[in-house]
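Now for the letters of each chain:
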Amino acid sequence: MSKSYPSNLTLAEYELLSDLLPEAKSGGRPREVDLWEVLNAIFYILVEGVRWRALPGDFPAWQTVYTYFRNWRKDGTWVNIHDRLYRCTRIEQGRQPSPSEAVLDSQSVKSAAGVHEAVGFDAGKQIKGRKRFTTVDTLGLVLRVFVAAASTGEREGGKQVLQRVRQRDKAVSRLHTIWVDGGFDGFPFMQWVISVCHWIVQVVLRPEQTQGFVLLKKRWVVERTFGWLMHCRRLVRDYELLPETSETFIYLAMIRIMVKRLA
């Protein structure tokens, strides 16, 4: 076992996750690495924000850890784990597995030097980097995310992430209302959501002539989720070469939150 890092999974948390991990492939060399240690290393990267090559020596080799992370990203394992924990977390909170309402918003973050793919400039927030379009339920749990260049329009990115939510089918069978801010306002976007997704869009606007922080109905939930993500240093800035990797780290952050609650 590695040292006792704050990001490490407890035994109860690992036992909960271990049932959701894919079995080792048949044939070839048997699996020798401890998956508990692999997960601890991945969460260390997420929380502490270090490079893969900077993993402490008491973890498995960084090449091994990264291979598991990449393979499980490409085959959908991380998203599958996230969705199963999502369902269990809602039930544990006394809610129906499917939410009835969701909140949509975006967050622009700066990209690191050397990141060039899907990078743009958000003129409104004066940020060069990427934009995270995020949908959450009323508990603040993520439904789906879509990471794109920061120059991507709100309505364009909103359509992309809502398409992903819609593809969950039975998992969102009760969903009927999407809460958004003024950036998503507009008849074409609302008409698209109604005709394609069969949901209603509710716009919550900031009261005029107000200054400083204002608690807005429903919208505060997604802002709290963005705050949760900022506890992970890997997500404070976008360091990933691929936007798909950025999305995976967001799902990992939510996996860590949900597994702690359930364990």
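Since this is a predicted model, take the numbers as computed values, not measurements. (Residues numbered from 1 in each chain as written. Predicted model: local features only at pLDDT ≥ 70, side-chain atom pairs only at ≥ 80, totals over all residues. Heavy atoms only, no water.)

Re helix 9 (residues 243-262)
Compared with an ideal rise of 1.5 Å per residue, which puts 20 residues at 28 Å, helix 9 spans 29 Å between its outermost C-alpha atoms and is within 8% of the ideal. The buried count for helix 9 comes to 16 of 20 residues, which makes it a mostly enclosed element. (Helix = DSSP H or I, 4+ residues; strand = E, 2+ residues; numbered from the N terminus. Expected span 1.5 Å × (residues − 1). Buried < 20%, exposed > 50% of the residue type's maximum accessible area, 1.4 Å probe, protein only.)

Regarding the UniProt feature "domain: Insertion element IS402-like" (unreviewed entry) in the protein chain
Mapped onto this numbering, the UniProt entry gives "domain: Insertion element IS402-like" (unreviewed entry) at residues 9-82. End-to-end, the C-alpha atoms of residues 9-82 are 16 Å apart, and along that stretch the chain is 55% helix and 0% strand. (UniProt positions renumbered as here; feature names shortened; annotations may be inferred.)

Section: empty space enclosed by the protein
Scanning the entire structure with this criterion turns up 1 cavity of 30 Å³ or more. Empty space within the largest cavity amounts to approximately 30 Å³. Lining the largest cavity, in full, are Arg132, Arg234, Leu235, Arg237, Asp238, Tyr239, Glu240, Ser246 and Phe249. Only helix 8 (233-236) and helix 9 provide two or more residues apiece to the lining of the largest cavity. Its residues placed into classes, the lining of the largest cavity shows 3 nonpolar, 1 polar and 5 charged. (1 Å grid on protein atoms, 1.4 Å probe; cavity = no way out; pocket = protein on both sides within 12 Å on 5 of 7 lines; lining within 4 Å. Points joined across faces, edges and corners; volume = space filled by probe spheres on them. Nonpolar A, V, L, I, M, F, W, Y, C, P; charged D, E, K, R; others polar.)

Observations concerning the nonpolar core
In a soluble, globular protein the nonpolar side chains are often hidden away together inside. One finds Leu17, Leu39, Trp78, Leu162, Trp199 and Leu252 to be the most contacted residues of the largest nonpolar core, which totals 75 residues. The residues that make up this core include at least three from each of domain 1 (11-75) and domain 2 (97-207 + 215-240). Residues within four places of leucine 39 in sequence aside, it is in contact with Leu9, Tyr14, Leu17, Leu21, Trp72 and Trp78. (Core = buried A, V, L, I, M, F, W, Y, C linked by side-chain atoms within 4.5 Å. Domains from an automatic or database assignment. Contact = heavy atoms within 4.5 Å.)

Some remarks on the domain arrangement of the protein chain
Domain parsing of the protein chain yields domain 1 (11-75) and domain 2 (97-207 + 215-240). Inter-centroid distance (C-alpha atoms) of domain 1 to domain 2 is 29 Å. Listed by partner, the interface residues are 8 residues for domain 1 and 5 residues for domain 2. Taken together, the two surfaces of domain 1 and domain 2 that pack against each other cover about 500 Å², and 54% of this comes from carbon and sulfur. For the pair domain 1 and domain 2, the number of links is 0 salt bridges. Along the contact surface separating domain 1 from domain 2 lie 3 residue pairs in polar contact (both at pLDDT 80 or more). (Buried area = accessible area lost by both parts, 1.4 Å probe. Salt bridge = Lys/Arg side-chain N within 4 Å of Asp/Glu carboxyl O. Polar contact = N/O pair within 3.5 Å; in protein donor to acceptor, adjacent residues only side chain to side chain.)

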